[in-house]
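Spelled out, the chains give:
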Amino acid sequence: MKIVNKYADIILPIPLPKLFTFGIPDDLLNVVKPGIRVVVQFGKKKIHSGIVFNVHNNAPENYEIKFIIEVLENYPVVNSFQLKLWKWIADYYMCSLGEVYKAALPSGLKLESETIAFLNNDFDENIRLTGIEEKIYTLLNEKKTASLQEISSALENYNIVAHVNSLVNKNVLITEEKLSQSYKPKTEIFLDLPEDFAKDKNKLHEIFDSLKKANKQLELFMQFLQLTGIMQNDNPKSVSRKNLLNEAGADSAMLKNLVKKGFIVEKYVEVDRMKSNTEAIVAVNELNTSQIECLEDVKQKFTKQNVVLLHGVTSSGKTEIYINLIQQVIERGGQVLYLLPEIALTAQIINRLTLVFGEKVGIYHSKYSDSERVEVYKKVLNCEKYSLVLGVRSSVFLPFSNLQLVIIDEEHENSYKQFDPSPRYHARDTAIVLASMHNAKVLLGTATPSIESYFNAKIEKFALTNLKTRYLDILLPEIEIVDTGRERRRKKMHSHFSEDVIENIKTVLEQGEQVILFQNRRGFSPYLECSLCGWVPKCKHCDVSLTYHKFTNTLVCHYCGYSVDTFSRCLACEGISMETKGFGTEKIEEEMAIFFPEAGIARMDLDTTRTRKAYEKIITDFEEKKTNILIGTQMITKGLDFDNVSLVVILNADNLLNFPDFRAFERAFQLMSQVSGRAGRKNKRGKVIIQTTQPTHTIIRQVINNDYLEMFNNQLLERKNFAYPPFFKLIKITIKHQYPNVLNSAAIQMGKMLRSFFGKRILGPEDPVINRVQNKYLKTILIKIEKEKAGKTVKDKLQEIIDKIKMHPDYRMLIVSIDVDPM
């Protein structure tokens with residue numbers, strides 16, 4: 001038996017309750033250390049890449065030791081700051097380190113094995129095969145080897161796993177696990193002059209002489225020499241093959257002949273996928289008096305506290321303050337993380353920051369390809385190129401080693417919170433913890449702070465600074481309220497638009513200005529309904545009505561993605577009176593085109609922004625005034641800056657105010673204030689029209705008066721009375737099962753066990769608003785815990801109760817998810 005002296009705990013991309021320990025082979029003893037990426041076998045066959053968490057001398061007692069198979073790099077791809085942060089996330093948000101690992105690294109750095117099949121040369125050719133088995137045999141006879149995925153695709157997605165296993169049992173096939181590598185560096189062909197010619201320029205005449213009768217090749221070679229710069233200096237540079245062919249207008253066959261003759265040498269060079277400006281173009285803008293005072297106040301408060309909340313009205317120029325702080329950090333050689341809540345925002349901010357900081361700016365979000373994200377990750381890891389990283393919530397997982405400043409723009413946004421899958425972390429709170437590990441400073445910026453952040457500033461956990469005046473002293477927009485209930489009674493509504501809205505849009509367009517229409521619901525119509533019997537088409541997998549999308553003529557479930565063609569007849573009474581109910585952004589777009597056929601109209605929602613370029617085109621077209629009317633969901637409310645917008649219309653404030661959530665009024669105030677801030681941003685005072693059936697609602701009045709403090713104080717009192725954040729911590733438990741009776745039984749039992757420990761702090765189990773999603777029935781339990789008691793003991797007890805429930809033989813298929821600090 002082999003004696004093992006050193007062991008490593010490995011983080012695997014699997015939701016395991018604890019880390020597994022592997023032996024370190026003698027030849028890897030000096031290489032394996034925390035953060036190193038290794039290959040291990042877990043289970044009977046499956047091979048994974050994992051991350052070494054720690055190295056020690058303690059052998060595991062309850063299972064047989066397996067050894068690390070391979071080390072993928074001889075340096076850590078995850079640094080000590082990251083491992084510490086991963087552990088904090090796993091503990092605080094009650095998830096496994098494996099789940100954090102899956103979220104934290106780009107897919108190209110998480111290798112998993114795939115099953116490869118090939119023919120067994122010794123199989124009995126007389127053995128009988130089924131029809132599908134014959135097809136698999138024929139395929140492998142031609143291809144020699146194929147993965148299960150390749151076999152499945154070739155056979156038009158047959159469920160082939162069982163058939164492959166059958167062929168293995170018949171000794172026709174052999175399968176093995178092979179580690180798949182999804183990331184490959186991008187390479188380009190570069191051209192060099194052969195070394196002997198580069199050292200002795202006189203020898204070039206030999207080439208000239210040999211090409212006398214090949215004029216085109218000689219011209220190409222002369223162009224190549226010019227690009228290398230050999231005639232001007234003794235150190236010729238490499239030339240891109242693509243650039244040479246473009247400059248010379250030559251074809252690749254001609255170049256191939258020069259390479260074949262040995263006059264040019266080809267080599268493959270790794271190049272960046274991420275294209276960026278090579279140098280800064282503009283200087284940092286001069287600040288006005290208010291901005292200078294605010295900047296100095298932030299810097300002074302950073303000397304005493306690590307987190308500062310910048311409460312600045314919309315269009316006050318907060319970004320210019322950020323840029324000044326970033327410049328000072330970069331000049332010191334430090335790194336900056338700039339977090340944004342929405343990918344849509346990055347296009348504008350990227351343009352502004354790259355003008356100032358050039359190639360020092362890196363971008364990291366999910367609309368970039370996995371290979372692009374791997375390259376940004378590696379450059380941050382190696383402290384190459386990027387001093388400033390701009391990204392959405394996943395950017396907190398990047399391998400910073402000298403982080404000095406974190407900027408969290410629009411800190412109030414709930415899109416900083418990860419909902420599914422686990423880890424359900426909040427990027428704002430996680431970034432604050434990350435910054436504390438680096439001893440870095442954090443600036444939270446917003447015009448409408450979250451109640452939790454403003455409360456932390458009031459109790460002096462955070463410092464607070466204010467920027468109360470808009471840039472160039474532009475007035476806040478004029479706000480007009482339209483009572484849609486009264487307008488309908490007076491027959492003055494044109495579809496979903498009041499007369500005031502139509503007239504104001506017409507005036508704005510005549511003046512060559514732009515309009516933003518806000519409706520926080522995508523699709524054409526929330527649902528279809530039979531006008532005869534009231535039947536509404538619902539998702540077959542979820543307890544929710546299907547949303548009508550007119551462009552594709554489909555009904556779509558926004559929870560699981562299920563879609564069907566639109567019904568022309570009612571499936572209940574077979575009537576033909578199916579009507580659309582309510583309205584989404586797609587319907588607004590169609591109706592605007594009817595009212596204003598000459599206007600350029602664009603829609604910005606999840607359906608129109610599936611790719612990075614789609615975001616950029618919509619925003620660029622609006623900036624360049626190719627679009628006159630922009631219709632959108634909440635993504636248009638988040639910090640976008642358009643010079644020519646003079647009118648913003650909130651088409652239905654009621655669906656914001658009436659949402660069943662304790663944060664509904666806070667979010668309604670934030671959304672309406674933020675979208676209002678898009679109006680009149682630079683040249684003139686703008687106008688906002690809010691359509692509502694509740695014109696006297698307190699939140700509407702607070703938006704009109706821009707009275708954040710009144711909203712804050714009102715909501716704070718309610719939350720204190722009813723035990724909600726920021727006074728109490730919330731933990732939401734969601735229980736799922738295929739069968740409602742099993743779910744009900746488990747939920748009731750869990751509720752009883754939780755009450756025996758937590759007492760009256762438990763709410764539920766209750767049915768959520770949508771109580772069936774993806775063929776699973778749902779129950780929720782909410783735990784309210786005093787902040788001072790919401791520590792490790794509470795979470796350990798909660799996990800113990802959940803584990804006990806899941807050990808019951810009837811509840812083994814139960815899915816339990818935990819959301820700490822739900823939004």
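Residues numbered from 1 in each chain as written. Predicted model: local features only at pLDDT ≥ 70, side-chain atom pairs only at ≥ 80, totals over all residues. Heavy atoms only, no water.

1. Here we look at the overall build of the chain
Thought 1: Within the chain one finds 26 helices and 36 strands.
Thought 2: Over its C-alpha atoms the chain spans a radius of gyration of 31 Å, differing by no more than 12% from the 28 Å that the globule rule assigns to 823 residues.
Thought 3: Dimensions of the chain, computed from C-alpha atoms along their principal axes, come out at roughly 90 × 70 × 65 Å.
Thought 4: The proportion of buried residues among the 823 residues of the chain is 52%.
Thought 5: Taking the intrachain contacts of the chain between residues at least 6 apart in sequence as the baseline, contacts between residues at least 24 apart amount to 75%.
Thought 6: For the chain, the centre of its 110 positive side-chain charges and the centre of its 100 negative side-chain charges are spaced 3 Å apart. (Helix = DSSP H or I, 4+ residues; strand = E, 2+ residues; numbered from the N terminus. Rg over C-alpha atoms; globule rule 2.2 N^0.38 Å. Buried < 20%, exposed > 50% of the residue type's maximum accessible area, 1.4 Å probe, protein only. Contact = heavy atoms within 4.5 Å. Lys, Arg positive; Asp, Glu negative; His and termini not counted. Charge placed at Lys NZ, Arg CZ, Asp CG, Glu CD.)

2. Observations concerning the packing of aromatic side chains
Thought 1: Applying the stated rule across the entire model yields 18 aromatic pairs.
Thought 2: Aromatic pair F20 and F42: ring centres 5.0 Å apart, planes at 85 degrees, arrangement edge-to-face. In this pair, F20 sits in strand β2 (residues 20-23) while F42 sits in the loop between β3 (37-41) and β4 (47-56), placing the two residues 22 residues apart along the sequence.
Thought 3: When its relative accessible area of 21% is taken as the criterion, F42 is described as partly exposed.
Thought 4: Judged by centre distance (4.8 Å) and plane angle (85 degrees), the ring pair of F757 and F758 falls under edge-to-face.
Thought 5: When its relative accessible area of 38% is taken as the criterion, F757 is described as partly exposed.
Thought 6: These aromatic residues form a ring-pair network of at least three members: Y454, F669, Y708 and F712.
Thought 7: Cation over ring: K784 sits above Y724, and NZ or CZ is 3.8 Å from the ring centre.
Thought 8: For K795, the ring lying beneath its charged end belongs to Y92, and the centroid distance is 3.8 Å. (Phe/Tyr/Trp six-rings, centres within 6.5 Å; stacked < 30°, edge-to-face > 60°. Lys NZ or Arg CZ within 6 Å of the ring centre and 35° of its normal.)

3. Notes on a nonpolar patch on the surface
Thought 1: Side chains of I281, V282 and L355 sit close together on the surface and give an oily, nonpolar patch of about 250 Å² of accessible area.
Thought 2: By the element assignment, I281 lies in the loop between β11 (265-270) and α11 (289-302).
Thought 3: By relative accessible area, which is 58% here, I281 ends up exposed. (Patch = residues over 30% accessible without salt bridge, like charges linked within 9 Å, V, L, I, M, F, W, Y side chains within 5 Å. Areas by Shrake-Rupley, 256 points an atom, 1.4 Å probe, with all protein chains shown as cover. Salt bridge = Lys/Arg side-chain N within 4 Å of Asp/Glu carboxyl O.)

4. Description of the nonpolar core
Thought 1: Counting residues in each nonpolar core, the largest one holds 117 residues, and the members touching the most others are W86, M672, M750, L754 and L798.
Thought 2: When near neighbours in sequence (up to four residues on either side) are disregarded, W86 contacts I11, I51, V78, L97, V100, Y101, A104, L105 and F397.
Thought 3: Counting residues in hydrophobic clusters, the runner-up holds 33 residues, among them V308, I350, L388 and L390. (Core = buried A, V, L, I, M, F, W, Y, C linked by side-chain atoms within 4.5 Å.)

5. Looking at unusual backbone geometry
Thought 1: Residue P421 is reached from D420 by a cis peptide bond, and omega for that bond is -5 degrees.
Thought 2: Relative to the elements of secondary structure, P421 occurs in the loop between β16 (403-409) and α15 (427-438).
Thought 3: Cis geometry is adopted by the peptide bond preceding P765, which originates at G764 and carries an omega value of 10 degrees.
Thought 4: One can find P765 in strand β33 (residues 762-766).
Thought 5: In this model, K491 sits at a positive phi of 60 degrees, which is unusual for a non-glycine residue.

6. A look at the sheet that holds strand β13 (residues 335-339)
Thought 1: A sheet is described by the order of its strands in space; here seven strands give the open sequence β14-β15-β13-β16-β17-β12-β18, paired in parallel fashion. The open sheet has two edge strands with one neighbour each: β14 (361-364) and β18 (463-467). On average, adjacent strands in this sheet sit at an angle of 20 degrees to one another, irrespective of strand direction.
Thought 2: Inspection of the sheet shows strand β12 (residues 307-312) paired to strand β17 (residues 441-446) by five bridges, in the parallel sense. (Pairing = 2+ DSSP bridges. Axes fitted to C-alpha atoms, helices over the stretch in contact; angles between N-to-C directions.)

7. Concerning the state of the cysteines
Thought 1: Within the structure shown, the criterion is met by zero disulfides.
Thought 2: Left without a disulfide partner, C539 is nearest to the cysteine sulfur of C560, which lies 3.7 Å away.
Thought 3: Of the residues examined, C560 reaches a relative accessible area of 23% and is grouped as partly exposed. (Disulfide = S-S within 2.5 Å.)

8. Some thoughts on the confidence of the model for the chain
One rule of thumb: low pLDDT means the predicted coordinates there are not for detailed reading.
Thought 1: Per-residue pLDDT for the chain averages 86, and the proportion of residues at 70 or more is 95%.
Thought 2: Averaged pLDDT values for the elements of the chain fall to 71 in helix α6 (residues 195-199) and rise to 97 in α15. (pLDDT = per-residue confidence, 0-100.)

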